[in-house]
Amino acid sequence: MESIIQVNNLVKKYGRLTAVDSISFNVQRGEIFGLLGENGAGKSTTLEMIEGLRRPTSGSISILGHNPTSELNMIKEKIGVQLQSSAYYEHLTLAEILDLFGGFYPKHLKSGELLAMVKLEAKAKSFVGKLSGGQKQRFSIVASLVNDPEVVFLDEPTTGLDPIARRNLWGLITTIRNQGKTVILTTHYMEEAEILCDRIAIMEKGKIVAMDQTHRLIASSKHPFKINFLVGKINKEIFQNLAELGKIKSILGKSDHFEMRLSNQDNLNKSLKLLQDLNPDSFTVSRASLEDLFIELTGKSITQEENA
Amino acid sequence: MFPIMFTVIFGFFFSGESSGSGTVVLKNYSQTEVSKLFQKSLNESKVFKIDEKTSALEARDLLKKGKISGIVEIPQKFGDLAPGSPKKIKVTLDPANLQSNAMLLGFLNQFITSLNFKVNNVQPVFGVQQEKTNSSDLNYFDFVLVGLIGMALMNSSIQGVSIAMSRYRENKILKRITTTPLKPATFIIAEVLSRLLINIVQISIILLIGVYGFHAHIYGNVFLIYVFGILGAILFQSIGFTIAAVSKTTSAAEGMATAVAIPMMFLAGVFFPIDQLPSWLESIVKFLPLAPLLRMIRGIALESASPFLDPINIVIVLAWIVVMLIISSYKFRLSDE
């Protein structure tokens, strides 16, 4: 596959703070690439350096064969940028905003076409302030498509949305990819990255701590198997035997709900036999999730709080 | 919006269109030629609104309440030269209303004096020739009208630009624009030009309301009023950009813009001539951006004076523009970096 963005040893420092600490990655044409990490991990800063909005302290970036520091205008015509929690003119209608922004490019799509793509054609004459959270976000994404870009940058596109609106956006983002565009997005939702992204780079304190195709990343977990079970009575002997096969812990300190992480199929089979003797009220066997891997890698759970 | 409201309000108060000094109740009990002449000339003087219907008793009550300025009573047979007929017009005034009292008494004295001359067949020997500093007929409304143009330009530009720009920045509209190929300079020029267009409309509306609504007197070259109005608008916009550049939030910009514009509105001569200020204060405020601008536009509008004869005002305005442009071009950025 053709690599459309190359980032090499990229560093961004603000005084003593190193926001982005020597990261390198490539993005392939036509994929959805996710930068995953907590608030403040350096995702947005990385994105904005590629977009040419911030100057790297050191390192090199190449996007569509151009350098953002010297050939920014060539790049700007071919990329679409959705900023984190960005707003638009309050006194212009959706169609007017799209026409205005379209006018900034040599070639652009018609506002009606764009609004139809996100099912907002009925709102063409509304103001942004009158839209729901999900509609606003859909508009914000489609506004980044006015110039029919080759690469689309989405900075936390689903933050603050309810689950239904988020799923709608996932559909939209997939549609954009299916049009042949390359999508780079940041998120702090594990589930979102797992479902949406072809490849993921996990960022932590300005560094990339893991990067691969999503399913391979998850498979790289040291404990790819997981059992969840609920038991009324605890049999100490069986618990001791289980503990030898994998990591067992109670979920959030509950006395009857446990999670067990296992490293291989063999141990999984043995554990399931032992569990039958325990006669649990309920149990599920599953694969480790991206979140499990994230906790494994960073030693903590990601903050779900909204970006303030 | 406010300057237009102000224009209308000031127009009603000061344009001299309404009978500015209030209402006088006139009771003419006499049927003589003289009394009719008096009645006629008081009516025609247009200094007062004349009310002849209210009864004398009612009028006294209204006078006490301050609803009317005075009562003039012409006794029966006044003006009849026969001996024993009354020789005096009775005036009742509200002592609190000094200005209209002086006007009414002045009018009455003048009338009586000329009447006396006529009766005695005497031509007045001495007189007063009245001359105004200005050959033209100007009043306070004309002064304020130009002030209001300055105020409109100042408010819409300083507050308009600084608040709009800091809101655009807060909403990331400015940052969003930097992601497009649009050049920042193009964006700024478009913003400035569109506002100047609005300024031209503003000046036009205020002049139209002032001149056609309230008979303001504009003697000078209207084109020059626009030219210097635009010059002022450019100055105020550069102040607006400077405020947007140095304030971090929209509310900070709002506060700063108000702190700049409101004192300037009162100190730089929108409503009062600044030479009425203590001289030490005047020597400071005459350099405020609005002051030289108003001096020039007033000169053009009211005295047909050329602002180029004494270019110090132009120099002050240009100096402000240069200073503000230097600060804002260093400080004002569309993006974070």
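Keep in mind that what you see is a predicted model, and the values were worked out from it rather than measured. (Residues numbered from 1 in each chain as written. Chains lettered and ligands numbered in written order. Predicted model: local features only at pLDDT ≥ 70, side-chain atom pairs only at ≥ 80, totals over all residues. Heavy atoms only, no water.)

(A) Quick peek at the overall build of chain A. The secondary structure content of chain A amounts to 11 helices and 13 strands. If you line up chain A on its principal axes, its C-alpha atoms span 75 × 45 × 35 Å. For chain A, the residues scored as buried account for 52% of the 308 residues in total. The contacts in chain A between residues at least 6 apart in sequence include a share of 70% that link residues at least 24 apart. Counting only carbon and sulfur atoms, one obtains 49% of the accessible surface of chain A, whose full area is about 14400 Å². Positive and negative side-chain charges of chain A, numbering 37 and 36 respectively, have mean locations separated by a distance of 2 Å. (Helix = DSSP H or I, 4+ residues; strand = E, 2+ residues; numbered from the N terminus. Buried < 20%, exposed > 50% of the residue type's maximum accessible area, 1.4 Å probe, protein only. Contact = heavy atoms within 4.5 Å. Areas by Shrake-Rupley, 256 points an atom, 1.4 Å probe, with all protein chains shown as cover. Lys, Arg positive; Asp, Glu negative; His and termini not counted. Charge placed at Lys NZ, Arg CZ, Asp CG, Glu CD.)

(B) Quick peek at the overall build of chain B. Helices and strands together make up the secondary structure of chain B, namely 12 helices and four strands. What you see for chain B is a C-alpha radius of gyration of 28 Å, clearly larger than the 20 Å of a compact globule of 337 residues, by over 25%. Taken over the C-alpha atoms alone, chain B extends approximately 100 × 45 × 35 Å along its principal axes. Of all intrachain contacts in chain B linking residues separated by at least 6 positions in sequence, the fraction that spans at least 24 positions is 76%. On chain B, roughly 18000 Å² of surface is accessible, and the fraction owed to carbon and sulfur atoms is 64%. Computing the positive centroid from 29 side-chain charges and the negative centroid from 22, chain B places the two 4 Å apart. (Rg over C-alpha atoms; globule rule 2.2 N^0.38 Å.)

(C) Region of interest: helix H9 (residues 250-267) of chain B. Residues and elements named next belong to chain B. The first and last C-alpha atoms of H9 sit 26 Å apart over 18 residues, in line with the 26 Å expected at 1.5 Å per residue. Here H9 has its buried residues at Thr250, Ala253, Ala257, Ala261, Met264 and Met265. One side of H9 carries all its buried residues, which in axial view fall inside an arc of 105°. Across H9 from its buried face, at more than 90 degrees, point the exposed residues Ser251 and Ala259. Against the buried residues of H9 lie helix H5 (140-170), helix H8 (222-246) and helix H11 (290-303). (Expected span 1.5 Å × (residues − 1). Arc of directions from axis to C-beta.)

(D) Fine view of the sheet that holds strand S10 (residues 225-230) of chain A. All names here are of chain A. Taken in spatial order, the four strands make up an open sheet running S11-S12-S10-S13, and their pairing is antiparallel. Of all the strands in the sheet, the pair left with one neighbour each is strand S11 (247-250) and strand S13 (282-287). Across the sheet, the mean angle from the axis of one strand to that of its neighbour is 15°, orientation sign disregarded. Against the sheet, helix H9 (residues 236-245) touches S10, S11 and strand S12 (257-262), its axis set at about 35° to S12. On the sheet, helix H10 (residues 265-278) packs against S10, S12 and S13 and is oriented at approximately 10° with respect to S10. (Pairing = 2+ DSSP bridges. Axes fitted to C-alpha atoms, helices over the stretch in contact; angles between N-to-C directions.)

(E) Broad picture of the interface of chain A and chain B. Contacts between the two partners involve 24 residues from chain A, matched on the other side by 17 residues from chain B. Overall, the association of chain A and chain B removes approximately 2000 Å² of surface from exposure, summing both partners, and the carbon and sulfur fraction of that is 55%. For chain A, the biggest contributors to the area lost against chain B are A:Leu53, A:Tyr89 and A:Phe104; these three give 29% of the whole. There are one salt bridge connecting chain A and chain B. Across the pair B:Lys175 and A:Glu48 runs a salt bridge whose closest N-O atoms are separated by 2.6 Å. Counting every contact that joins chain A to chain B gives seven residue pairs in polar contact (both at pLDDT 80 or more). Breaking the side of chain A that touches chain B down by element, the ones donating at least two residues are strand S1 (3-14) and helix H2 (72-78) of chain A. Top element by residues in the side of chain A that touches chain B is H2(A). It accounts for three residues. Split by residue class, the side of chain A that touches chain B holds 11 nonpolar, six polar and seven charged. (Buried area = accessible area lost by both parts, 1.4 Å probe. Salt bridge = Lys/Arg side-chain N within 4 Å of Asp/Glu carboxyl O. Polar contact = N/O pair within 3.5 Å; in protein donor to acceptor, adjacent residues only side chain to side chain. Nonpolar A, V, L, I, M, F, W, Y, C, P; charged D, E, K, R; others polar.)

(F) A look at the side chain of B:Thr54. Residues and elements named next belong to chain B. Counting through the fold element by element, threonine 54 comes out in the loop between strand S2 (49-51) and helix H3 (56-64). For threonine 54, a relative accessible area of 12% puts it in the buried group. Side-chain polar atoms of threonine 54 contact the side chain of aspartate 51, separated by 2.4 Å. Not counting residues within four places of it along the chain, the set of residues in contact with threonine 54 comprises Val25, Lys27, Ala59 and Leu62.

(G) Geometry of the sheet that holds S2(B). Residue and element names in this part refer to chain B. Pairing is mixed in the open sheet, where four strands are placed in the order S2-S1-S3-S4. Since the sheet does not close on itself, it has two edges, and those belong to S2 and strand S4 (90-93), each with one partner. On average, adjacent strands in this sheet sit at an angle of 25° to one another, irrespective of strand direction. Sheet analysis places strand S3 (residues 70-74) next to S4, joined by four bridges and oriented antiparallel. When the sheet's bridge partners are listed, glutamate 73 is paired in S4 with lysine 90. With respect to the sheet, H3 is in contact with strand S1 (23-28), S3 and S4, its orientation differing from that of S3 by roughly 155°.

(H) Here's a closer look at the environment of B:Val34. Residue and element names in this part refer to chain B. Within the element layout of this structure, valine 34 appears in helix H2 (residues 33-45). Sequence separation of valine 34 and leucine 81 is 47 residues, and the distance between their C-alpha atoms is 9.9 Å. Not counting residues up to four positions away in its chain, the partners in contact with valine 34 are Phe78, Gly79, Phe111 and Leu115.

(I) Inspection of the domain arrangement of chain B at higher detail. Examined at the domain level, chain B breaks down into domain 1 (17-116) and domain 2 (140-331). Between domain 1 of chain B and domain 2 of chain B, the C-alpha centre-to-centre distance is 48 Å. (Domains from an automatic or database assignment.)

(J) View of the side chain of A:Gln84. Residue and element names in this part refer to chain A. Positionally, glutamine 84 belongs in the loop between strand S5 (79-82) and helix H3 (94-102). Given a relative accessible area of 16%, glutamine 84 falls into the buried group. A distance of 3.3 Å separates a polar atom in the side chain of glutamine 84 from a polar atom in the side chain of aspartate 155.

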